[in-house]
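# Chains, contacts and geometry: an overview
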Amino acid sequence: MRLSIFLCWACLVPSVLAAKGPEVATDIAPVHSLVARVMQGVGTPELIMRPGASPHEYALHPSEAAALARANLVIWMGPGLTPWLQGAVEKLAGDAAQVALLEADATIVYPLRQGAQFGEEDHSAEDHDHNHDHDGVDPHAWLDPANGQIWLRLIANELSALDPEHAGIYADNAAQGVAELDQVRREIEGVLAPLRGLKYLVYHDAYQYFEARFDMPASGAVSDSDASMPGPARIAELREFTAQGGLTCLLSGPQTDPRLMQAIFPQGAKTGILDPLGIDIPPGAGLYPALLLDMAKGYDACAD
Ligand SMILES: [Zn+2]
C-alpha cells in the first residue's frame, strides 16, 4: 500500500515538469513586458537585450545568445528595429517558433519619416544629403498602446498553440492586460489634455506612434528613426528652424549630446525625457503601461 502511494507520487513528477510554460525569448523590454503579462502564473520570458542599450546597434552577450538558443518561441519586433538580431535568431533559435510583431498583419504601422522638419512636403531635396531608403516602416510601433493591445491577444494565441494546456490562463491574462491598457490610455489622455498644441522638437524620431495616438505632433527631429547622427547641414537647418519657428523645447531619450543641444538651440531650450524603452522601470509585466504613462508625463517639461 505504502509502495503504491510512493509510486503514484513518482508518476506525478513528469506532469509537474510539463506544467512549466514554454521558454520564450524577447528582444526589448516593452515586448518582454507584454509577454510577461500574458505568461503571468505560468512562466517568465527571457529579455535578450540589456535594458538601456540602444536596439539600433547592439552585440549579444554569451548569456543572451544562450537564452536565444534555449527558446521554444522568439517574440521580437523584427529586423526593422534590430537588423543585427535576424542572423542570431536564425542561427541560434532556428528550431523555435518566431513572431516578428512589426510583420504581423494586425499591427498598426506607419512609414518612416524623413528629415528635420515634419509635415513639410516642400523643402528642397538639394540641401539634404539623404541617400537612404525612403521605403520601410518606422519600427517604434510599441509606442501606440493599441498595438500593445493587439499584441497581447496575438501573444496569447502563439503561446496557446505551443502550450495548449495553459491556453485559458493566456487568454484571461491577455484580456486583463487589454483592459489595463484601456485604463492607461484614459489616464494618458488626462495627462496630455492641458498640453495639446505644444510645439516641440524630438531628438530621435522614435515617437510618431505615440504622437499619432494621442494627437501630440512633433515639429521635427534631430536624428532620423534609425538613430543615425545628424550631419552639419541638418544641424544648421534645425538651428534656423528653432529660431524662426519659436521652438523652445526638446524632448529626447535618456541620452542627449549637450554639444548638439547647444548647436541647435543657441538661445537655450527646455528639455524633457521621453524614454521609449523604460530604462528606469524594472523589467516585467508592469513596465509597458508604466513607460507609456511616463512618456505622457515627459511632455510636461515643455509646458509654459
Ligand atoms: Zn529608436
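In this convention, every chain numbers its residues from 1, walking through the sequence in written order. In view of the model being predicted, local features appear only for residues whose pLDDT reaches at least 70, and side-chain atom pairs are presented and counted only at 80 or more, with totals across whole chains, interfaces and linings using the full set of residues.

### Thoughts on the overall build of the chain
- Each helix corresponds to a stretch of at least 4 residues labelled H or I by DSSP, and each strand to a stretch of at least 2 residues labelled E; elements are numbered beginning at the N terminus. Tallying secondary structure elements over the chain gives ten helices and eight strands in all.
- In the chain, which comprises 304 residues, the proportion classed as buried is 39%.
- What counts as a contact is two residues whose backbone-derived C-beta atoms lie within 7 Å of each other. For the chain, the share of sequence-separated contacts (at least 6 apart) that also reach a separation of at least 24 residues comes to 66%. Exposure is read from a count of other C-beta atoms within 10 Å of each residue's own; the residue is exposed at 12 or fewer, buried at 20 or more and partly exposed in between. C-beta atoms are placed from the backbone.

### Let's talk about the nonpolar core
- When buried Ala, Val, Leu, Ile, Met, Phe, Trp, Tyr and Cys residues are joined through C-beta atoms within 7 Å, the set is termed a nonpolar core. Membership of the largest hydrophobic core comes to 75 residues, with the highest contact counts inside it found for V38, V74, I75 and I155.
- No other element matches the seven residues that helix α2 (residues 29-39) contributes to this core.
- When residues no more than four places from it in sequence are discounted, the contact partners of V74 are A25, L68, V89, A93, A96 and Q98.

### Here's the deal with the sheet that holds strand β8 (residues 270-273)
- At least two bridges found by DSSP between two strands are what make those strands a pair. One open sheet holds the four strands; their spatial order is β6-β5-β7-β8, and the pairing between them is parallel. Each end of this open sheet is capped by a strand with a single partner; those strands are β6 (220-223) and β8. Across this sheet, the average inter-strand angle for adjacent strands is 25°, counted without regard to direction.
- Taken together, the four bridges between strand β7 (residues 249-252) and β8 define a ladder with parallel strand orientation. For helices, the fitted axis covers only the stretch in contact; all axes are lines through C-alpha atoms, and the angles between them, taken along N-to-C directions, range from 0 to 180 degrees.

### Brief notes about unusual backbone geometry
- Even without being a glycine, D215 presents a positive backbone phi close to 55°.
- Within the element layout of this structure, D215 appears in the loop between α7 (208-214) and β6.
- Its 10 C-beta neighbours within 10 Å are what place D215 among the exposed residues.

### Observations regarding the environment of L274
- Following the sequence through the fold, L274 ends up in the loop between β8 and α10 (287-298).
- On the neighbour-count criterion, L274 (25 C-beta atoms within 10 Å) is buried.
- Each C-alpha atom of the pair L274 and K297 lies 8.5 Å from the other, and the pair is 23 residues apart in sequence.
- In this structure, L274 is in contact with Y207, L251, S252, G253, M295 and G298, ignoring residues within four places of it in sequence.

### Let's talk about the pairing of strand β3 (residues 73-76)
- Residues of β3 alternate between two faces, with L73 and I75 on one and V74 and W76 on the opposite face, all of them buried.
- In terms of strand pairing, strand β1 (residues 24-26) meets β3 through three bridges, oriented parallel. Residue T26 lies in a different strand from β3, and its bridge partner there is I75.
- Convention used here: a crossover is right-handed provided that the path from the first strand, over the helix, to the second strand proceeds clockwise when the strands point away from the viewer. Once you follow β3 into helix α4 (residues 83-92) and on to strand β4 (residues 97-100), the crossover reads as right-handed.

### Details of α4
- Taken together, the buried positions of α4 are L85, V89 and L92. The buried residues of α4 occupy one face: seen down the axis, they fall within an arc of 90°. For α4, the exposed residues lying more than 90 degrees away from the buried face are G87, E90 and K91.
- Along its buried surface, α4 packs onto α3 (62-70), β3 and β4. Here, the arc refers to the directions that run from the helix axis to the C-beta atoms.

### Quick word on the packing of helix α5 (residues 145-162) against helix α6 (residues 167-192)
- With their axes 9 Å apart at the nearest point, α5 and α6 run at an angle of 175° to one another. Classified by the interaxial angle, the pair formed by α5 and α6 is roughly antiparallel. Of the residues in α6, those touching α5 at P145, G148, Q149, L152, R153, I155, A156, L159 and S160 are A167, Y170, A171, N173, A174, G177, V178, L181, V184 and R185.
- Of the residues contributing to the contact of α5 with α6, the split by class is twelve nonpolar, five polar and two charged. These descriptions rest on fixed angle ranges, namely under 35 degrees for roughly parallel, over 145 for roughly antiparallel, 65 to 115 for roughly perpendicular, and the rest for oblique. When residues are grouped by polarity, Ala, Val, Leu, Ile, Met, Phe, Trp, Tyr, Cys and Pro land in nonpolar, Asp, Glu, Lys and Arg in charged, and all others, Gly among them, in polar.

### Some remarks on the confidence of the model for the chain
- Each residue carries a pLDDT score, the predictor's confidence in it, ranging from 0 to 100. Summing up the model confidence of the chain, the mean pLDDT is 88 and the portion of residues at 70 or higher is 88%.
- Taken as a whole, residues 1-18 scores under 50 in pLDDT and shows zero contacts with residues more than four places along the chain or in a different chain.
- The low-confidence segment residues 121-134 (pLDDT under 50) makes ten contacts with residues lying over four places distant or belonging to another chain.

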